[in-house]
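Reading the structure
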Amino acid sequence: MDTVETTTPRPHQENAAPRPVGESVTRLDAHEKVTGEAVFADDLQFGPNMLYARIKRSPHPHARILKIDASQALALPGVKTVVTGQSTPGFIGLYLKDRHIFCTDRARFVGDPVAGVAAVTEEIAERALDLIHVEYEVLPPVLDPEDGVRPDAELLHPELGSYEVANFIFPQPGTNIPNLFKIRKGDVDQALSEAAAVVHHTFRVPHVQHVPIEPHVAIAKVDERGRVTLWGSSQSPFAQRNLIASALGISQADLEVVAPYVGGGFGCKAGVSMEALAVAIAMQVRGRPVKLRLTREEEFYTTFVRQGLVAHFTMACDAEGNLTAMDNKFYWDGGAYAEYGVNMTRGAGYSSSGPYDVPNVRTDSFCVYTNHPVGGPMRGFGQPEMQCGLEQCINHLALEIGMDPMDFRRRNCVKEGSNLVTGMKMHATGIGECIEKAAEAIGWGHKDPPSAPHKRRGKGIAAMWKAPAMSPNAGSSAWIEMSEDGKCTLGLGGQELGQGTFTVMAQMAAATLGIPYDWVRIASPVDTKYSPYEWQTVASRLTWSMGNAVVAAAKDARRQILELVARSWEETPEDLDIVNGNVISAKSGRSSSLKGLVVYGLAKPGDQGWIGGPILGRGSFMPTYVTGLDPETGQGQRAVVHYTTGAQAVEVEVDLETGRVQVLRGASAFDMGKAINPDLVNVQMEGGLVQGISTALFECLQLKDGVVRNPSFVDYRIATSADAPRDMQSIIVEVPQDDGPFGARGVGEHSMVPTMPAIANAIHDALGIHPGAPPFTAEKVYLAMVDAGLVK
Amino acid sequence: MREAHPGLPDFDYVRPADLEEASRFLAQNPQTARPFMGGTDTFVRLRDGFWKETRYLVDVKNLDGRSEITFDPQKGLTVGAAVSMNQVVANPRVGSHYSLLAQAAHRVASYQLRTRATLVGNVCNASPAGDTLGACLLFGGVLRVHGVEGFRDEPLASFFQGPGRTALKPGDIVTAIRFPLPVPGSVGHYEKLGRNLLSDLAIVGVTVLGHPDSSTASGYRFHLALASVGPVPVVLPDLLTQAPVTPEALEEAAGQAMESCHPIDDVRGSARYRKLMVRNLSRRALTRVWEGLQSGYRGE
Amino acid sequence: MAHHKISVTVNGSVESVDVPSNMTLLTMLREKLGLTGTKNGCTAGECGACTVFLNGEPVNSCLVLAVECDGAEVRTVESLARNGQLDPIQQSVIDHNAVQCGFCTPGVLISARALLDRNPDPTEEEIRDALVGNLCRCTGYIRILDAVKDAARVGAAPGTGGSR
Ligand SMILES: Cc1cc2nc3c(=O)[nH]c(=O)nc-3n(C[C@H](O)[C@H](O)[C@H](O)COP(=O)(O)OP(=O)(O)OC[C@H]3O[C@@H](n4cnc5c(N)ncnc54)[C@H](O)[C@@H]3O)c2cc1C
Ligand code: FES
Ligand code: FES
């Protein structure tokens, strides 16, 4: 088995990548998606034996559960079981096990699952919910992370000290803080006292939702021996297998997760959200599939949210415009359970300088339990929220000392060898080029007249960086099996969420193996029983990590084929190559198609038996070089695998009569090392920009007393076809990644990281007003203009 | 908190043979039976857990004559109750004589929703945010209503009583909405402010209809209606009749509109913002109409 | 609750279906007829993933009762391709990389086909307006707009698409 050697980074090969790497081939999944044939979890058919589940949820943000009486519900004809926390005593959680599948003694947010019903129809299950009577003792809620850290705050998890936790998360027992991540680099106080300019701002970034168009759905079935099959819309089939099995006390080998196409994830279908509920219910009705699908309203208030953030920044530079100090305090609204929030807290901490070289940095990044929905990963994993404020401060600081914000960024951005906030050395990066190109693409420095007298125009830019935030040793694996005619099936465990990973993996496999792209099939749906292990489809890590595994598997298959043919031809493998599906010899000029030999081997001369056998290539990859960081200083050898960097620049027009902000054009420039499929990169940049615009201008989960007031598309608006700017430019910058396949690193999430601050900075350019925290709704901008005396 | 169900609750679908049967059935089941047309409001409300007592949905759209738009050059326009928003938008007679109505109908939701949503349903639903209510009011709409006692007319001017509350009684079925001929030379404009550019519900909606009028000192008469700023549509009739129409006069009328409404805070916007937008969008709409009156513009 | 026996033509074939009063057209298509190409994203008329042709016009099938479709003609995404030949709008969506996760795509295709049927040469504004009821969280929309524009240029292949 081939594994990529990673302890010492390999020098990147400069020669052009083999085809079809670097080509914009057609997506593998496009045809079945336009005909309606593509299967999503809700499309799977289970027949009349299937039961439907619905969930009884807490109406209180914080309450003790005194009594649950399900007798009336159980008596309703058609109801097959009612499940409560009593049958699921085990803990579940990705980095910190602080959650039960169903609440046991306490409910900690509005929507927390208290009981589950399975019935013969969804309607009966729904009706049964009203017949479950729950007695609560209402407890005071924590509704703001800054309140949550006060010494007198109501404790939401008094047992915090006893929870099982990953070794890079630092809970503070006796508080509401499941993780506190600190950076101490240089002497911040000294630097602040000597600075030529200092800015200070606080941003309260609201919760937003992921809003995939496909709601969550899971179907679970448990057989008589207690073996579980779970079908679901999932970004993390293997993590679900692991976490649910350990919560239920069963073997991972006895839990099979089948994951068809995901109708959009953006993080909310990562880890375990509602899937364990279906499994716990199915446990009680063995032999029958149990289906749980969330309504759109539940999608808004019960699943992972992008957590709110209260961020305080103090930032300083010298007279020449060199950043000298940053002093940051982040309070993350982690919600009722720590889940991903603890790691976003960490990610924000180790990236808390933004993509800048800053000698003195002090950061305290608190994850705080609140009685809000659970914080989950969302495209950007904390960075859009954190960099939203950071990049506005950078802009302000540049203007404060009279420098062009673009020049200021170029001057201060990280370079190869920069000493990062954690002490890690920066690798080669194209961020300077990204900043310049994005600015240039929107005509930076040139002010166009507005389209009407009651409008004002402005331009803004923001840079970004982001590392894959994951367990340090998150692994990938892949296999390649050849079919008789020389085509192949590629086994992988990463999920196709729409980002195009199946296509890109097929390209890398084809290029490595030497066969045409359309000879590669993906073994899908991903099924933990048959597919090779993949940690999770998150963190924009697949192209890089799973790509490495796929390349290793393809190399392994290729090696086996070449050795076989070399033996038969009495040549050495080094003289042979596979080109366009044919083995050719540079030495003898011989050539042979792959047909037959990849399964049946080759006959020895004179009918003297056979050599070879079915070709099966295997590969795996795991980063082995990420080290721990000191809990007090955040310093260590290598905090992360790498950083993807980039920038966005936008031009906006503000309507002085309504406050409406319209993004007229946007340019995205990102350094993804190598664009395996350039047009797929472009559409990630476009889609990310529009999602970023949507969160910048419209989106806010309106939480009042713990209740989501706008849990529908009518009340929670996202960008529509009318809101997307016509002029979107995507710029690919390629500074190769030393440990990436063909030099690639990820780019999926990054494209919405700088959008909010770029728009904020453009609004400032147009109006001279710092718009602060998003969303920059027409109302917010108008009222800010009124307050500033710009309009009446 | 909205506790929406996964599907629609239990009810029986009833399709009466004629209007008499329909009115009788509705009157006999006043609490439990509801008429519907496109159902775009009805189904959403049922699914959201409102109207818990509903047991019968009475489909009144396929009764005779409900699905036509007729125009009589003497009497005006009649829009059958089952006429969809898209039919209103596409109808050439509406476009040439009542373009304001088409403009407002076009701003409702999305194309596919407008295939089913009806003008009459929008009126009967009596949502303060209803986009077409202003146009229907300013054109002097009169509902043709069939009740247990037979047909009668309900002028819109006295129709709206509160959010979702109207002058309709159990057994009443609106069969059409009729509009008299507009005053010659009328120009209208609908200004809708949503959170995104299209398809949102109105944070504020301003409908303006103006026409030349030789009996006024200004030579013109403007009427204005506001959506989403009170429990029922707010109508300001007979504006800008006294002094000559100038930018200052338009500004003053817009200020009058602002003073006349008492909006509330909700998820779409605050009362403070709404009031300011009533002024700004009224100014905008009045100005558009004023420019149109001077240039022959007839609304878009 | 009352059940109704209805007869409805779905993608050209006449189906006789027994439906309860409160079943939507969307549920009938997906759960009674196994036509799962049409998606459910909200059940409330907001996302457009459930868009199908009803008597030649696009509707949100989550806001239509199945029983209302007695005698009607319904077409879903499954009807767009004929004999292995994609509708030009399907091909154009592929060519423009206008599909990512694909969950909105069936509804987008129906709305787009409907637009092209009633307006073979739409402007960009008209395309945006026609698609405003089809939410897409992945693509950023511009590729979809371009795909529709290009499909308009190619025109509808005879015998495909809606039934106007
Ligand atoms: C996603 C979505 C977006 C929307 N966006 C908008 C928008 O932007 N602007 C807007 O104005 N509206 C909007 N609406 C609301 C709705 O679509 C409109 O109000 C529509 O015009 C209602 O027409 P309908 O035929 O569907 O009404 P129905 O649902 O059939 O009926 C509405 C009400 O009127 C009563 N009714 C219907 N017909 C009759 C009759 N003949 N006689 C007596 N009573 C009757 C019903 O009992 C019910 O109370 C939206 C709705 C949805 C679901
Ligand atoms: S499912 Fe019908 S519009 Fe969303
Ligand atoms: S492609 Fe994913 S929602 Fe449109």
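All values reported here derive from a predicted model rather than from experimental measurement.

Criteria and cut-off values
- Residues numbered from 1 in each chain as written.
- Chains lettered and ligands numbered in written order.
- Predicted model: local features only at pLDDT ≥ 70, side-chain atom pairs only at ≥ 80, totals over all residues.
- Heavy atoms only, no water.
- Near = heavy atom within 4 Å.
- Polar contact = N/O pair within 3.5 Å; in protein donor to acceptor, adjacent residues only side chain to side chain.
- Areas by Shrake-Rupley, 256 points an atom, 1.4 Å probe, with all protein chains shown as cover.
- Helix = DSSP H or I, 4+ residues; strand = E, 2+ residues; numbered from the N terminus.
- Axes fitted to C-alpha atoms, helices over the stretch in contact; angles between N-to-C directions.
- Left-handed = near helix turned anticlockwise from the far one by under 90°.
- Contact = heavy atoms within 4.5 Å.
- Nonpolar A, V, L, I, M, F, W, Y, C, P; charged D, E, K, R; others polar.
- Pairing = 2+ DSSP bridges.
- Buried area = accessible area lost by both parts, 1.4 Å probe.
- Salt bridge = Lys/Arg side-chain N within 4 Å of Asp/Glu carboxyl O.
- pLDDT = per-residue confidence, 0-100.

Taken together, 38 residues lie around ligand 1, and Pro35(B), Met37(B), Thr40(B), Asp41(B) and Thr118(B) are the ones closest in. Chain contributions to the surroundings of ligand 1 come from chains B and C. Note that an oxygen atom of ligand 1 is positioned 2.8 Å from one of the backbone N or O atoms of Gly38(B). Side-chain polar atom of Thr42(B) to an oxygen atom of ligand 1: 2.7 Å apart, as the coordinates give it. Contact with the protein chains covers 94% of the free accessible surface of ligand 1, which is 980 Å². The biggest single contributor to the shell around ligand 1 is helix 7 (residues 119-125) of chain B, with four residues.

On to the packing of helix 10 (residues 383-400) of chain A against helix 17 (residues 755-767) of chain A. In a pair of packed helices, the angle between the axes and the distance between the axes together describe the arrangement. All names here are of chain A. At a minimum axis distance of 8 Å, the contact between helix 10 and helix 17 shows a crossing angle of 35°. The element helix 10 and its partner helix 17 pack so that their crossing is right-handed. Here Pro384, Glu385, Gln387, Cys388, Glu391, Gln392, Asn395 and Leu399 of helix 10 lie close against helix 17, whose contacting residues are Met756, Pro757, Ala760, Asn761 and His764. Classifying every residue of the contact of helix 10 with helix 17 gives six nonpolar, five polar and two charged.

Residues and elements named next belong to chain A. A sheet is described by the order of its strands in space; here three strands give the open sequence 24-25-26, paired in antiparallel fashion. Only two strands of the sheet have a single partner each, and these edge strands are strand 24 (576-579) and strand 26 (591-593). This sheet shows a mean twist of 25° between the axes of neighbouring strands, independent of strand direction. Strand direction decides the pairing type here: strand 24 and strand 25 (residues 582-585), joined by four bridges, are antiparallel.

What follows concerns the interface of chain C and chain A. Between chain C and chain A, the residue contacts involve 43 residues of the former and 55 residues of the latter. Here chain C meets chain A over a buried area of about 4,000 Å², counting both sides, of which 54% is carbon and sulfur. The interface formed by chain C and chain A holds nine salt bridges in total. Note that Asp43(A) and Lys39(C) form a salt bridge whose closest N and O atoms lie 2.5 Å from each other. One can count 26 residue pairs in polar contact (both at pLDDT 80 or more) joining chain C with chain A. Counting only elements with at least two residues in the side of chain C that touches chain A, the list comes to helix 1 (25-32), helix 2 (88-95), helix 3 (105-118), helix 4 (124-130) and helix 5 (142-154) of chain C. Broken down by element, the side of chain C that touches chain A gets its largest block of residues, five residues, from helix 5 of chain C. Within the side of chain C that touches chain A, the residues separate by chemical class into 20 nonpolar, twelve polar and eleven charged.

Residue and element names in this part refer to chain B. In this structure, strand 6 (residues 142-147) lies alongside strand 10 (residues 173-179), joined through five bridges in antiparallel fashion. For Leu143, the partnering residue across the bridge sits in strand 10 and is Ile177. Strand direction decides the pairing type here: strand 6 and strand 7 (residues 150-155), joined by six bridges, are antiparallel. Bridge assignment links Val142 to a residue of strand 7, and that residue is Pro155. Hairpin connection from strand 6 to strand 7: two residues lie between these consecutive antiparallel strands.

Residues and elements named next belong to chain C. Here chain C averages 94 in pLDDT, while 95% of its residues score no lower than 70. Taken as a whole, residues 158-164 scores under 50 in pLDDT and shows 23 contacts with residues more than four places along the chain or in a different chain. Across the assembled chains, the prediction reports ipTM 0.96 with pTM 0.97.

With respect to the secondary-structure elements, Lys33(A) resides in helix 1 (residues 30-35). Polar side-chain contacts of Lys33(A) include one of 2.8 Å to the backbone oxygen of Gln100(C). Not counting the four nearest positions on each side in its chain, Lys33(A) is found in contact with Arg27(A), Ala38(A), Tyr261(A), Glu496(A), Gly498(A), Val99(C), Gln100(C), Cys101(C), Gly102(C) and Thr105(C).

What follows is about the environment of His4(C). Along the chain, the position of His4(C) falls in strand 1 (residues 3-10). As for His4(C) and Ala66(C), which are separated by 62 residues in sequence, their C-alpha atoms are 9.2 Å apart. Apart from the residues within four sequence positions on either side, His4(C) is in contact with Tyr13(B), Val17(C), Asp18(C), Val19(C), Pro20(C), Ser21(C) and Val67(C). For His4(C), the side chain forms a polar contact with the side chain of Ser21(C), separated by 2.8 Å.

Taken together, the 29 residues of chain C in the interface contact 28 residues of chain B. Of the roughly 2,300 Å² buried at the junction of chain C and chain B (both faces included), carbon and sulfur atoms supply 56%. In terms of surface lost to chain B, no three residues of chain C exceed Leu63(C), Glu68(C) and Asp129(C), which account for 25% of the buried area on that side. Across the chain C-chain B interface, the total number found is three salt bridges. One salt bridge connects Glu68(C) with Lys61(B), and the closest N-O pair in it is separated by 2.5 Å. For the pair chain C and chain B, the number of links is 15 residue pairs in polar contact (both at pLDDT 80 or more). At the level of elements, strand 4 (57-60), helix 3 and helix 4 of chain C are the ones that each hand at least two residues to the side of chain C that touches chain B. The leading source of residues in the side of chain C that touches chain B is strand 4 of chain C, at four residues. Here the side of chain C that touches chain B is composed, by residue class, of twelve nonpolar, twelve polar and five charged.

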